[in-house]
Amino acid sequence: MVPVDAHRSPTQSVRLAPNEKVCSQHNECHAKGRLHLEAARLTHRLSIAPMMERTDRHFRYFLRLITRRVQLYTEMITTSALLHGEPARLLAYNEAEHPIGVQLGGSDPAELAHCARLAHQYGYDEVNFNVGCPSHRVQTGRFGVCLMGEPELVADCVIAMQEAVALPVTVKTRLGFDDRDSYADLTRFIDAVAQAGCTTFILHARKAWLQGLSPKKNRNIPPLRYDVVHNIKEDFPHLTIIINGGITSLEQVKEQLKRVDGVMIGRIACHDPYMLANADRQIYSDKLRALSRFDVLKHYIPYVKRQLIDGVGLSLLTRPILGLFQGQPGAGDWRRYLSENAHRASAGLEVIEQAATQTKVRADRTVMRYKFSDLRPLNNDSIQSVPRLCGIRGN
Ligand SMILES: Cc1cc2nc3c(=O)[nH]c(=O)nc-3n(C[C@H](O)[C@H](O)[C@H](O)COP(=O)(O)O)c2cc1C
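If you're wondering where the values come from, they're calculated on a predicted model, not measured in any experiment. (Residues numbered from 1 in each chain as written. Predicted model: local features only at pLDDT ≥ 70, side-chain atom pairs only at ≥ 80, totals over all residues.)

Caption draft 1: Looking closely at the sheet that holds strand β5 (residues 169–173). Pairing is parallel in the open sheet, where 8 strands are placed in the order β1-β8-β7-β6-β5-β4-β3-β2. If you trace the sheet from one side to the other, it starts and ends with β1 (46–48) and β2 (72–78), each paired once. Within this sheet the neighbouring strands show an average axis-to-axis angle of 25 degrees, counted without direction. Note: strand β4 (residues 126–131) against β5, 5 bridges, orientation parallel. Bridge pairing in β5 links Val127 to Val169. (Pairing = 2+ DSSP bridges. Helix = DSSP H or I, 4+ residues; strand = E, 2+ residues; numbered from the N terminus. Axes fitted to C-alpha atoms, helices over the stretch in contact; angles between N-to-C directions.)

This is how it looks when you write it as structure tokens:
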């Protein structure tokens, strides 16, 4: 997408229901380049975690057909990738994806400031700073979770990004790492970064072990400590505190919202994206009904057609829909059919149509109403209008 005018207001990310209000200083806060706390809290009530090789633009577009309100994030993009790679490709997204934050990984304040400016030019609503990734690669590059040991440097990075752009700069981190995992270490870190002006912290509710555990194991083995995140909220009531880790249902989200300002969910959104179908109604009090699974699919197909024309491989486009029928009869067949057939060089839209008609998911009565080949590819204007369709038709 073409970079938008740098004057684009970050308020565009805040979509308020008629009965929702922001405080009278809202505009003033925006003039200072800070999304007001109340508005930030509202937007962040539910968010989808940044996930490498998962939350790419296709997945995010697909999620927007299920929920219009949850906050989305890009995968982590490193400053070196943006400085030495192709920012136009790395930062491309569809207008339909708003509200969307970019997640940056790095530790050089000037480089991060430069990348934050790029994100602003491209119209992102938020810059999220990764201080939680435990992979070996990020340790050698001195960023990710090991930065928790350098709170002053994180503060400098936050200040540099905030001075560079009129966008909220948020921090995603963990409870600690290795032997730096005491509550005092965590509060010192949050205090230092909050004093630099960061008002929103996303806390993955477990520590990380830098030696001996792979990133995957670091997402499962260190025990979840929701109590620590709840204590942080009590000790820093003025900050927006978002809890992350192991939350898998809207019921759990609502339970957590009694203790914290927001919830971020990761893996479950890939495994069972349709669990978000009632998020707008239950979490944001929206009135519109969700689309059925097949209507979501129907609206995704023209997007797939457009992307195929643009040269995107089918398997990248089917990855988001693998879990669409999770929990339904035939879900395994559907997933298997797509996994086995979408990566072939000649694979086209017919693979999805065959998956829908030849596997047991066809049991859904709505499927035969659509002939995928009749659904025309979207042009850019109609792509942007698609999310507005969400909720217009009921199940
Ligand atoms: C495949 C995968 C890739 C991930 N990539 C990132 C990333 O780029 N940046 C980040 O901050 N966290 C990343 N994470 C961690 C998630 O954002 C989240 O913190 C973690 O999965 C815990 O949430 P969950 O239990 O709801 O999945 C990744 C997780 C997974 C499963």
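Caption draft 2: Summary view of the site of the ligand. In the region of the ligand, 22 residues are neighbours, and Ala49, Met51, Met76, Gly266 and Arg267 sit closest. Here the shell around the ligand is built from residues that sort into 8 nonpolar, 8 polar and 6 charged. (Near = placed C-beta within 6 Å. Nonpolar A, V, L, I, M, F, W, Y, C, P; charged D, E, K, R; others polar.)

Caption draft 3: The arrangement of the packing of helix α6 (residues 109–121) against helix α8 (residues 151–164) in detail. Running from N to C, α6 and α8 point in directions that differ by 35 degrees, and their axes come no closer than 8 Å. Pair α6 / α8 crosses with right-handed handedness. Packed against α6, whose contacting residues are Pro109, Ala110, Leu112, Ala113, Ala116 and Arg117, the element α8 presents Asp156, Cys157, Ala160, Met161, Glu163 and Ala164 at the interface. Within the contact of α6 with α8, the residues separate by chemical class into 9 nonpolar, no polar and 3 charged. (Left-handed = near helix turned anticlockwise from the far one by under 90°. Contact = placed C-beta atoms within 7 Å.)

Caption draft 4: Quick peek at helix α9 (residues 183–195). Compared with an ideal rise of 1.5 Å per residue, which puts 13 residues at 18 Å, α9 spans 18 Å between its outermost C-alpha atoms and is within 8% of the ideal. Within the sequence span of α9, burial applies to Leu186, Phe189, Ile190 and Val193. An end-on view of α9 places all buried positions within 90 degrees of arc, on one side of the element. Among the exposed residues of α9, those pointing more than 90 degrees away from its buried face are Ala184 and Gln195. Two residues or fewer after α9 comes Gly197, characterised by a positive phi angle close to 115 degrees. (Expected span 1.5 Å × (residues − 1). Buried ≥ 20, exposed ≤ 12 C-beta atoms within 10 Å, placed from the backbone. Arc of directions from axis to C-beta.)

Caption draft 5: Geometry of the pairing of β4. A large share of β4 lies buried, amounting to 6 of its 6 residues. Here β4 shows a buried face lined by Glu126, Asn128 and Asn130 and a second buried face lined by Val127, Phe129 and Val131. As judged from the 4 bridges shared by strand β3 (residues 100–105) and β4, these two strands associate in the parallel manner. Note on β4: the bridge partner recorded for Gln103 is Asn128.

Caption draft 6: Structural detail: helix α3 (residues 57–64). Burial analysis of α3 places 8 of its 8 residues in the buried class, which makes it a mostly covered element. Looking at α3, one finds that the buried residues are Arg57, His58, Phe59, Arg60, Tyr61, Phe62, Leu63 and Arg64.

Caption draft 7: Examining the pairing of strand β7 (residues 240–244) more closely. Counting buried residues in β7 gives 5 out of 5 residues, a clear majority hidden from the surface. Every second residue of β7 is oriented toward a common face, with Thr240, Ile242 and Asn244 on one face and Ile241 and Ile243 on the other, all of them buried. Alignment of strand β6 (residues 200–204) against β7, held across 5 bridges, turns out to be parallel. Considered in β7, the bridge of His204 is made with Asn244. Alignment of β7 against strand β8 (residues 262–265), held across 3 bridges, turns out to be parallel.

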